[in-house]
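# Structural overview for review
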Amino acid sequence: MIDPEKLHQLVLRFAVREEGGVVYRRYRRFRGDRWYGGIATADVVGCNLRCGMCWAWRNTSYVLAAGDWMAPWDVARRLDKIARDRGYRQVRISGGEPLIAPRHLLAVVDHLPHYIFVVETNGILIDRPVARELAARPNAVVRVSIKGATPREFAKITASPEAYFYKQLEALRHLVESGMLPCRDVYPAAMLGFSTDESAKELERALADIDPRLPSCLDVEYVILYPHVVKLMAARGLTPTRAVTPSGVPAFMI
Ligand code: SF4
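The residue count restarts for each chain, going from 1 along the sequence in the order it is written. Given that the model is predicted, a residue must reach a pLDDT of at least 70 before its local features are reported, and side-chain atom pairs must reach 80 or more before they are shown or counted; all residues, however, enter totals for whole chains, interfaces and linings. Only heavy atoms go into the side-chain values, all of them from the structure, while hydrogens and water stay out.

## Let's talk about the overall build of the chain
Secondary structure elements are defined from DSSP: runs of H or I of at least 4 residues count as helices, runs of E of at least 2 residues count as strands, and each element is numbered from the N terminus. From N to C terminus, the chain includes nine helices and 12 strands. Radius of gyration here is computed from C-alpha atoms only, and the compact-globule reference equals 2.2 Å multiplied by the residue count raised to the power 0.38. Relative to its length of 254 residues, the chain is compact, with a C-alpha radius of gyration of 17 Å against a globular reference of 18 Å. Here's how the labels work: a residue is buried when its accessible area is under 20% of the maximum for its type, exposed when over 50%, partly exposed in between, all with a 1.4 Å probe on protein chains only. A buried classification covers 57% of the 254 residues belonging to the chain. A contact between two residues is defined here by any heavy atoms of the two lying within 4.5 Å. Of the contacts made within the chain by residues no fewer than 6 positions apart, 70% connect residues no fewer than 24 positions apart. Computed with a 1.4 Å probe, the accessible areas rest on the Shrake-Rupley method; for each residue, only the protein chains presented here act as cover. Of the roughly 11,600 Å² of accessible surface on the chain, 53% is carried by carbon and sulfur atoms. The averaged location of the 28 negative side-chain charges in the chain is 5 Å from the averaged location of its 35 positive side-chain charges. As used throughout, the charge tally considers Lys and Arg to be positive and Asp and Glu to be negative, leaving His and the chain termini uncounted. By convention, the point assigned to a charge is CZ for Arg, NZ for Lys, CD for Glu and CG for Asp.

Structure below.
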């Protein structure tokens, strides 16, 4: 079993650094991306999960000691330039888990008050204090990406204990209870590429228990069949039930 807490500590050791009260993280790439109708994107190094369908596994999420050290204002400056050049109103940190170093992330968010900052997270590290910090930032929209529809699917996808599935749901609860409006300030996403119709319904019920509005804004994710993702899934013994090609065409339904 892969231990997310051990991974968290490894990322803190190799890919997060504090100097003079400033928290630095390693980054591999800055780019404009087509998602969300256009978004400036920074790819950060390090994640506390090892999802078996992760598109970023080669360059960032599974990586610990690569990339350039950057302070929050440097990250913000690069994102701002991309967004201004391309006319985007949204920015994000992708490629890894941004909340491994919450102070770093929150500082980047604070440096970009005129953009919508989409905080893409697996949610595992969102406790009450972190939720309150996110809720205090009017430009932050939190997208909690749940891995699978049930604890069992979570364990299959991540090779981590089922208990962490519930932490993802708890993150949503903490964010809503901290004052973030469901479907406007916070919404769930879910990797349903290994799910059945039945398990997907189970997830909808679990979301409705947190807040009845959440199922209506569930953002469904399927496996994207990039060659390096197909290779990773084969190594992990994973076969998706639903997938799409890199150009977004449904690939097969089992
Ligand atoms: S949580 Fe996201 S970035 Fe981390 S391994 Fe899973 S899919 Fe990749």
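Continuing now.
## Describing the state of the cysteines
Criterion for a disulfide: a pair of cysteine sulfur atoms at a distance within 2.5 Å. A full pass over the atoms with the stated rule returns one disulfide. Each sulfur in the disulfide pair Cys183 and Cys217 lies 2.1 Å from the other. Sign of the S-S torsion, about -70° for the bond between Cys183 and Cys217, identifies this disulfide as left-handed. Of this pair, Cys183 sits in the loop between helix H7 (163-177) and strand E8 (186-191) while Cys217 sits in the loop between helix H8 (197-210) and strand E9 (219-221); the two residues are 34 residues apart in sequence, bridging distant segments of the chain. The class for Cys217 is buried, based on a relative accessible area of 16%.

## Thoughts on the site of the ligand
Nearness is defined per residue: one heavy atom within 4 Å of the molecule or strand is enough. In the vicinity of the ligand, the residues found are Cys47, Leu49, Cys51, Met53, Cys54, Ser61, Asn122 and Lys147. In a pocket analysis with a 2 Å cut-off to the grid points, the ligand is assigned to the largest pocket. Side-chain classes are defined by residue name, with Ala, Val, Leu, Ile, Met, Phe, Trp, Tyr, Cys and Pro counting as nonpolar, Asp, Glu, Lys and Arg as charged, and the others, Gly among them, as polar. Tallied by class, the residues present in the shell around the ligand amount to five nonpolar, two polar and one charged. Here a cavity is any set of points on a 1 Å grid over the protein atoms alone where a 1.4 Å probe fits but cannot get out, and a pocket is any open set with protein on both sides within 12 Å along at least 5 of 7 lines; a residue lines the site when it has an atom within 4 Å of a point. Molecules are considered to sit inside a cavity or pocket once more than half of their atoms lie within 2 Å of its grid points.

## A closer look at helix H3 (residues 72-86)
The terminal C-alpha atoms of H3, which comprises 15 residues, lie 21 Å apart, in line with the 21 Å expected from a rise of 1.5 Å per residue. By the burial criterion, the buried members of H3 are Pro72, Val75, Ala76, Leu79, Asp80, Ile82 and Ala83. Looking straight down H3, one finds its buried side chains confined to an arc of 165°; they lie on one side. In this structure, H3 carries Arg77, Arg84 and Asp85 as exposed residues pointing more than 90 degrees from its buried face. Expected span, for any helix, means 1.5 Å times one less than how many residues it has. Comment: arc refers to directions from the helix axis out to C-beta atoms.

## Remarks on the layout of surface pockets
Grid points are joined across faces, edges and corners, and a volume is the space filled by probe spheres set on the points. Of the voids in this model, the largest pocket is the one considered here, and its volume is about 1,200 Å³. Elements with a minimum of two residues in the lining of the largest pocket: strand E2 (22-33), helix H2 (57-61), strand E5 (90-94), strand E6 (116-121), strand E7 (140-147), E9, strand E10 (223-224) and helix H9 (227-236). Among the elements that take part in the lining of the largest pocket, E2 stands out by supplying four residues, more than any other. Taken together, the residues of the lining of the largest pocket sort by class into 21 nonpolar, 12 polar and 14 charged.

## So, the packing of aromatic side chains
Stacked, tilted and edge-to-face pairs are distinguished by plane angle, under 30 degrees for stacked and over 60 for edge-to-face with tilted covering the rest, among Phe, Tyr and Trp rings (Trp via its six-membered ring) whose centres lie within 6.5 Å. On inspection of all chains with the given rule, the structure shows four aromatic pairs. The interplanar angle of 65° and the centroid separation of 6.3 Å between the aromatic rings of Phe154 and Phe165 together place this pair among those described as edge-to-face. With Phe154 in helix H6 (residues 151-158) and Phe165 in helix H7, this residue pair connects regions lying 11 residues apart in the sequence. Taking relative accessible area as the criterion, Phe165 reaches 3% and is therefore assigned buried. Judged by centre distance (5.7 Å) and plane angle (80°), the rings of Phe165 and Tyr166 are edge-to-face. Its relative accessible area of 47% is what places Tyr166 among the partly exposed residues. By way of ring pairs, the aromatic residues Phe154, Phe165 and Tyr166 are connected into one cluster. Each ring is checked for a lysine NZ or an arginine CZ that lies within 6 Å of its centre and within 35 degrees of its normal; such an atom marks a charge sitting over the ring. The aromatic ring of Tyr24 is capped on one face by Arg17, whose charged end is 5.1 Å from the ring centroid. Positioned above the aromatic ring of Trp69, the side-chain terminus of Arg17 is 4.8 Å from the ring centre.

## Topic: the pattern of salt bridges
Take a side-chain nitrogen of Lys or Arg and a carboxyl oxygen of Asp or Glu: if they are within 4 Å of each other, that pair is a salt bridge. Taken as a whole, this structure holds 19 salt bridges when the rule is applied. A salt bridge links Glu18 to Arg103, with the nearest nitrogen and oxygen atoms 3.5 Å apart. Separated by 85 residues along the polypeptide, Glu18 in strand E1 (residues 16-19) and Arg103 in helix H4 (residues 102-111) bring together distant segments of the chain. Here Asp185 ties to Arg184 by a salt bridge, and the two come within 2.9 Å at their closest N and O atoms. Salt bridges sharing partners connect three or more residues here, namely Arg29, Arg31, Asp33, Asp43, Arg92 and Glu120.

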